[in-house]
Amino acid sequence: MKDLKLTKSTPLMFAMVFAFLASTAIAQQHPAAAPVNLVAGVGGPVSSSNQWENYSALNLIAGAFIFPAVAQVKTTVFYIGFTAGTEADIGNMVLYTTKRGNSKITAVTPVKLKGVSNPIVSLTNKKVCPTQPISISTPCVIRLDPMTLTPSTLSDYYFVMYFTTNSNNAVVGAANSQYPITSLTGWYSSGDQTQAKVGDPIPSGYSGSHPYFLLYVMNN
């Protein structure tokens, strides 16, 4: 029988193999965590609101409805839904922050898709909306870019999207909550409501209706 001869590289090789096996075992024991809901999002089927040319969709994420576990969250991600149209031309997206129950804006945060706040969304592109054509029964759900934000129960948050004046937005459809089983609420207003500054009041018109476009608020 021949003795196993250890070279200088052998211990390093053993260490690399051990590290690989250990990391594999850890990955199997701790699979990637699924995104966590930060509030009760839209459940069940959706309805549709059309014709968004030169309109803003405003959605309230109330601090009173934010789940307690959110205190451990480092990022916030919005998911928006479309039910009709070929192209959505978004002029701007922002998130207004206020103290809970107050209308005075304390912070304005850009909301982006692929790095820009004024994206053009091709709703007929299968890479963007895999199930074609989009409709109430097959809405296109789009994940916006993560924001470095830990939502606080002591604040309210208003997500605002403005759709520019053009024929594409005239046929865009917003996915809305068909049933009142979400803590998200919203309203809409004509013109660009994304230009408010810190110290300004939240745009008027809130009615406690269902959210427009905004379906889920998650950590990823």
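Here, residues in each chain are numbered from 1, in the same order as that chain's written sequence. Given that this is a predicted model, residues contribute local features only at a pLDDT of at least 70 and side-chain atom pairs are listed and counted only at 80 or more, while totals for whole chains, interfaces and linings are drawn from all residues. Just so you know, side-chain values use all the structure's heavy atoms and leave hydrogens and water out.

Caption draft 1: Here's a closer look at the overall build of the chain. Each helix and strand in the chain was counted, giving one helix and 11 strands. Numbered from the N terminus, helices here are DSSP runs of H or I no shorter than four residues, and strands are runs of E no shorter than two. Each helix and strand of the chain, placed in order from N terminus to C terminus, yields the pattern α-β-β-β-β-β-β-β-β-β-β-β. We call two residues contacting when some pair of their heavy atoms lies within 4.5 Å. Long-range contacts, defined here as pairs at least 24 residues apart, represent 86% of the contacts in the chain between residues at least 6 apart. Accessibility throughout is a Shrake-Rupley quantity obtained with a 1.4 Å probe, and a residue counts as covered only by protein chains that appear here. As presented, the chain carries roughly 12,000 Å² of accessible surface, and 59% of it is formed by carbon and sulfur atoms.

Caption draft 2: A look at the packing of aromatic side chains. Whether two aromatic rings pair depends on their centres lying within 6.5 Å, for rings of Phe, Tyr and Trp, where Trp uses its six-membered ring; planes under 30 degrees apart make the pair stacked, over 60 edge-to-face, and the rest tilted. Under the definition given, this model contains 12 aromatic pairs. Measuring from centroid to centroid gives 4.8 Å for Phe-78 and Phe-159, while their planes differ by 40 degrees, and the two rings are tilted. Taken together, the positions of Phe-78 in strand S3 (residues 77–84) and Phe-159 in strand S8 (residues 155–163) put the pair 81 residues apart, joining distant regions of the chain. Judged by relative accessible area, which is 0%, Phe-159 ranks as buried. Ring geometry for Tyr-79 against Tyr-216: centres 6.2 Å apart, planes inclined by 65 degrees, an arrangement best described as edge-to-face. Placement of the pair is Tyr-79 in strand S3 and Tyr-216 in strand S11 (residues 214–218), with a sequence separation of 137 residues. Taking relative accessible area as the criterion, Tyr-79 reaches 14% and is therefore assigned buried. By the ring-pair criterion, three or more aromatic residues cluster together here, those being Trp-52, Tyr-55, Phe-82, Phe-163, Tyr-188, Tyr-212 and Phe-213. The buried label goes to any residue with under 20% of its type's maximum accessible area, the exposed label to any with over 50%, and the partly exposed label to all in between, with areas taken from a 1.4 Å probe on protein chains only.

Caption draft 3: Region of interest: the environment of His-210. Within the secondary structure, His-210 sits in the loop between strand S10 (185–190) and S11. Spatially, the C-alpha atom of His-210 lies 8.9 Å from that of Ser-183, the residues being 27 residues apart in sequence. Each residue touching His-210, except ones within four places of it in the same chain, is listed here: Ser-49, Asn-176, Ser-177, Thr-185 and Gly-186.

Caption draft 4: Structural detail: unusual backbone geometry. The omega torsion across Gln-132 and Pro-133 is -10 degrees, close enough to zero to call that bond cis. Structurally, the position occupied by Pro-133 is in the loop between strand S6 (120–122) and strand S7 (140–143). Notably, Gln-51 is not glycine yet its phi reads approximately 65 degrees, a positive angle. Along the chain, the position of Gln-51 falls in the loop between strand S1 (46–50) and strand S2 (55–61).

Caption draft 5: Fine view of the nonpolar core. Of all hydrophobic cores here, the largest spans 36 residues; its most connected members are Ile-61, Phe-78, Phe-82, Leu-144, Phe-159, Phe-163 and Phe-213. At the level of secondary structure, the elements contributing two or more residues to this core comprise S2, S3, strand S4 (87–99), S7, S8 and S11. Among residues more than four places away in sequence, those in contact with Ile-61 are Val-39, Phe-78, Asp-156, Tyr-157, Phe-159, Leu-184, Leu-214 and Val-217. Residues Leu-60, Val-94, Tyr-96 and Val-160 belong to the second largest nonpolar core, which totals 11 residues. Here, nonpolar core means buried Ala, Val, Leu, Ile, Met, Phe, Trp, Tyr and Cys residues that are tied together by side-chain atoms lying within 4.5 Å of each other.

Caption draft 6: Layout of the side chain of Asp-156. For Asp-156, the position within the fold is in strand S8. As a buried residue without a salt bridge, Asp-156 has its nearest oppositely charged side chain in Arg-100, at a separation of 6.0 Å. In this structure the side chain of Asp-156 is engaged in a polar contact, spanning 2.8 Å, whose partner is the backbone nitrogen of Gly-63. Once residues within four sequence positions are removed from consideration, Asp-156 is found in contact with Leu-60, Ile-61, Ala-62, Gly-63, Tyr-96, Thr-97, Thr-98, Lys-99, Arg-100, Gly-101 and Asn-102. Lys and Arg are tallied as positive, Asp and Glu as negative. Neither His nor the chain termini are counted. Salt bridge, as applied in this entry: a Lys or Arg side-chain nitrogen positioned within 4 Å of an Asp or Glu carboxyl oxygen. A 3.5 Å cut-off defines polar contacts: any pair of N or O atoms within that distance qualifies, except that in protein one atom must be a possible hydrogen donor and the other a possible acceptor, and neighbouring residues in sequence count only when both atoms are side-chain atoms.

Caption draft 7: Representation of the pairing of S4 within the structure. The buried fraction of S4 is high, at 10 of 13 residues. For S4 and S6, the ladder comprises three bridges, and the chain directions are antiparallel. Within the sheet, the bridge partner assigned to Ala-88 lies in S6 and is Val-121. In this description, strands pair whenever DSSP reports at least two bridges between them. Summarising the sheet, S4 and S8 pair through nine bridges and their orientation is antiparallel. Looking at the pairing, Ile-90 lines up with Phe-163 of S8. With five bridges joining them, S4 and strand S5 (residues 105–110) adopt antiparallel strand pairing. Note that in S5 the partner of Leu-95 across the bridge is Thr-109.

Caption draft 8: How the structure looks around the side chain of Ser-155. By secondary structure assignment, the location of Ser-155 is in strand S8. For Ser-155, the residues in contact, after removing those within four places along its chain, are Ala-62, Gly-63, Thr-97, Thr-98, Lys-99 and Arg-100.

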